[in-house]
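# Descriptive analysis of the structure
Now for the letters of each chain:
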Amino acid sequence: MGKYLYFIVIVTLLLSCKYSKVNTYYCKDCDIHFSIEEKGQEDVLIVENYDSIFFRPAHGNYLGICFYITDSLKNIYIGQNFHVSHYSEKNYKIKFIAKDHEGLDVDYPPLGKNFWGFEGGCDQGNYTFGVFHNSKYILPSLEPLEWN
């Protein structure tokens, strides 16, 4: 009876724990850290450990997740195809690229000529980010630090 009760308690604790997986990224060229926490009901993009952007679960398929950080590191611009449900600001002002903007997000005038872009991609099972400074891609793509 004691072993059975112990088993029930362990299973109950395991089931009550929420699913969470974190993928962490670092771009040495611009000295930016960010992570994506997959929480089951929603995912969270966390920039520099504070500013949080919540979105539908992506399950590693980060296509459509696109954000830009101005070189002044004061603003984060959210790409047109990144469907954000809500966000929390601390160090950055979070802004959205206007839905009526025609053309590529990288040609969005408020970004200016000095910004870093991060585009979710898929390579070897997803979870990667393409990086570019202004309009020039920086290779290779970012992979989660956890892969190393």
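To be clear, the structure that these remarks concern was listed above.
Right, let's walk through the structure included here. Model, not experiment: these values are computed from the prediction. (Residues numbered from 1 in each chain as written. Predicted model: local features only at pLDDT ≥ 70, side-chain atom pairs only at ≥ 80, totals over all residues. Heavy atoms only, no water.)

### Here we look at the overall build of the protein chain
Each helix and strand in the protein chain was counted, giving one helix and 11 strands. Its helices and strands in sequence order give the protein chain the pattern α-β-β-β-β-β-β-β-β-β-β-β, from N to C terminus. A buried classification covers 39% of the 148 residues belonging to the protein chain. Once local pairs closer than 6 in sequence are excluded, the contacts in the protein chain between residues at least 24 apart make up 43%. Of the accessible surface of the protein chain, which amounts to about 9,100 Å², a share of 56% is contributed by carbon and sulfur atoms. (Helix = DSSP H or I, 4+ residues; strand = E, 2+ residues; numbered from the N terminus. Buried < 20%, exposed > 50% of the residue type's maximum accessible area, 1.4 Å probe, protein only. Contact = heavy atoms within 4.5 Å. Areas by Shrake-Rupley, 256 points an atom, 1.4 Å probe, with all protein chains shown as cover.)

### Thoughts on the side chain of H101
For H101, the position within the fold is in the loop between β8 (93-96) and β9 (115-121). One polar contact links the side chain of H101 to the main-chain carbonyl oxygen of L104, over a distance of 3.3 Å. Once residues lying within four places of it in the same chain are set aside, the contact partners of H101 are Q80, D107, Y108 and P109. (Polar contact = N/O pair within 3.5 Å; in protein donor to acceptor, adjacent residues only side chain to side chain.)

### Notes on the nonpolar core
Within the largest apolar cluster, 26 residues are counted, with the highest numbers of intra-cluster contacts made by F34, L45, F67, I76, F118 and F129. Counting residues per element, this core draws most heavily on strand β2 (residues 32-38), which supplies three residues. For L45, the residues in contact, after removing those within four places along its chain, are F34, S35, I36, D51, S52, I53, F55, F67 and F82. Of all hydrophobic cores here, the second largest spans nine residues; its members include C66, Y68, V106 and L111. (Core = buried A, V, L, I, M, F, W, Y, C linked by side-chain atoms within 4.5 Å.)

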